Amino acid sequence: MSKRKYKFTSANELDSLITQYFEHIKGLYHEEDKPGKTASSKTVKQKVCDREPEPATFADLALFLGFNSRQALENYEVKGKFAAILKVARLRIEAAYEKKLHNQSSSGAIFALKSMGWNERADANEPGNTILKIEIIQTGPQLAASEKEVVL
């Protein structure tokens, strides 16, 4: 992990550090020769993990960049000189969580995305978004409130 302060001298330096972070969390692998099962079999390359991949998180990114808290990173993203670069990093992390929505168990990703400010409904003030109001009109007989009201 990086121990440097978050005084970046250039946008390229910050972008490079963010790229290093995303490369770091991919994990580390090397290839080894794996002999075949029979004497006539060829050796094959096997991917061996040296360091497990990690999920992308804002707290981990903040530590990697030298911030002392996630809030400090968020403040720098709002008011900082290189806010645009940090917004792209945020988008990359959100994209990683969004991809997890396609897994069978996605409740953790949904919770994380909601805590990042995602909302299930569209903002009516954004161009191209329309709010559709649906009114349910009851027709037919009134539904029974309990089994006792059902007459056969």
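Residues numbered from 1 in each chain as written. Predicted model: local features only at pLDDT ≥ 70, side-chain atom pairs only at ≥ 80, totals over all residues. Heavy atoms only, no water.

(A) Representation of the overall build of the protein within the structure. Within the protein, the regular secondary structure consists of five helices and two strands. Its helices and strands in sequence order give the protein the pattern α-β-β-α-α-α-α, from N to C terminus. Out of the 152 residues belonging to the protein, those deemed buried represent 24%. Taking the contacts inside the protein whose residues are at least 6 apart along the sequence as the reference set, 50% of them involve residues at least 24 apart. In the form shown here, the protein has an accessible surface area of approximately 12300 Å², with 54% of it arising from carbon and sulfur atoms. (Helix = DSSP H or I, 4+ residues; strand = E, 2+ residues; numbered from the N terminus. Buried < 20%, exposed > 50% of the residue type's maximum accessible area, 1.4 Å probe, protein only. Contact = heavy atoms within 4.5 Å. Areas by Shrake-Rupley, 256 points an atom, 1.4 Å probe, with all protein chains shown as cover.)

(B) Up close: the nonpolar core. Phe8, Leu14, Ile18, Phe22, Leu61, Leu65 and Phe67 are the most contacted members of the largest nonpolar core, which has 27 residues in total. Looking at this core, the elements with two or more residues in it are helix 1 (11-24), helix 2 (58-65), helix 3 (70-79), helix 4 (83-100) and helix 5 (107-115). (Core = buried A, V, L, I, M, F, W, Y, C linked by side-chain atoms within 4.5 Å.)

(C) Representation of helix 2. Here helix 2 lies mainly inside the structure; six of its eight residues are buried. Elements in contact with the buried residues of helix 2: helix 1, helix 3 and helix 4. Where helix 2 begins, the side chain of Thr57 points an oxygen toward the backbone nitrogen of Asp60, at a separation of 3.1 Å. Positioned one or two residues after helix 2, Gly66 has a phi angle of 95°, which is positive. (Polar contact = N/O pair within 3.5 Å; in protein donor to acceptor, adjacent residues only side chain to side chain.)

(D) Up close: the packing of aromatic side chains. According to the stated counting rule, one finds three aromatic pairs in the structure shown. Counting every residue linked through ring pairs, the aromatic cluster contains Tyr21, Phe22 and Phe64. It is Arg92 that lies over the ring of Phe22; its NZ or CZ is 3.9 Å from the centre. (Phe/Tyr/Trp six-rings, centres within 6.5 Å; stacked < 30°, edge-to-face > 60°. Lys NZ or Arg CZ within 6 Å of the ring centre and 35° of its normal.)

(E) Summary view of the packing of helix 4 against helix 5. Orientation of helix 4 relative to helix 5, taken along the N-to-C sense of each, is 145°, at an axis distance of 8 Å. The chirality of how helix 4 crosses helix 5 is left-handed. Here Glu94, Tyr97, Glu98 and Lys100 of helix 4 lie close against helix 5, whose contacting residues are Ala109, Ala112 and Leu113. Taken together, the residues that form the contact of helix 4 with helix 5 break down as four nonpolar, no polar and three charged. (Axes fitted to C-alpha atoms, helices over the stretch in contact; angles between N-to-C directions. Left-handed = near helix turned anticlockwise from the far one by under 90°. Nonpolar A, V, L, I, M, F, W, Y, C, P; charged D, E, K, R; others polar.)

(F) Summary view of the side chain of Glu77. Assignment of secondary structure puts Glu77 in helix 3. Ignoring any residue separated from it by four or fewer positions in sequence, one finds Glu77 in contact with Ala83, Leu86, Lys87 and Arg90.

(G) The arrangement of the pattern of salt bridges in detail. Under the criterion given, the structure shown has five salt bridges. Lys45 is the partner of Asp33 in a salt bridge, and the nearest nitrogen-oxygen pair spans 2.9 Å. You can see Asp33 sitting in strand 1 (residues 28-34) and its partner Lys45 sitting in strand 2 (residues 44-51), a full twelve residues away along the chain. Both residues of the pair, Asp33 and Lys45, belong to the exposed class. For Arg90, the salt bridge identified is with Glu77, shortest N-O distance 3.0 Å. One end of the pair, Arg90, is in helix 4; the other, Glu77, is in helix 3, and 13 residues separate them in sequence. With relative accessibility at 10%, the residue Glu77 sits in the buried group. Each of Arg70, Glu74, Glu77 and Arg90 takes part in one network of salt bridges that share partners. (Salt bridge = Lys/Arg side-chain N within 4 Å of Asp/Glu carboxyl O.)

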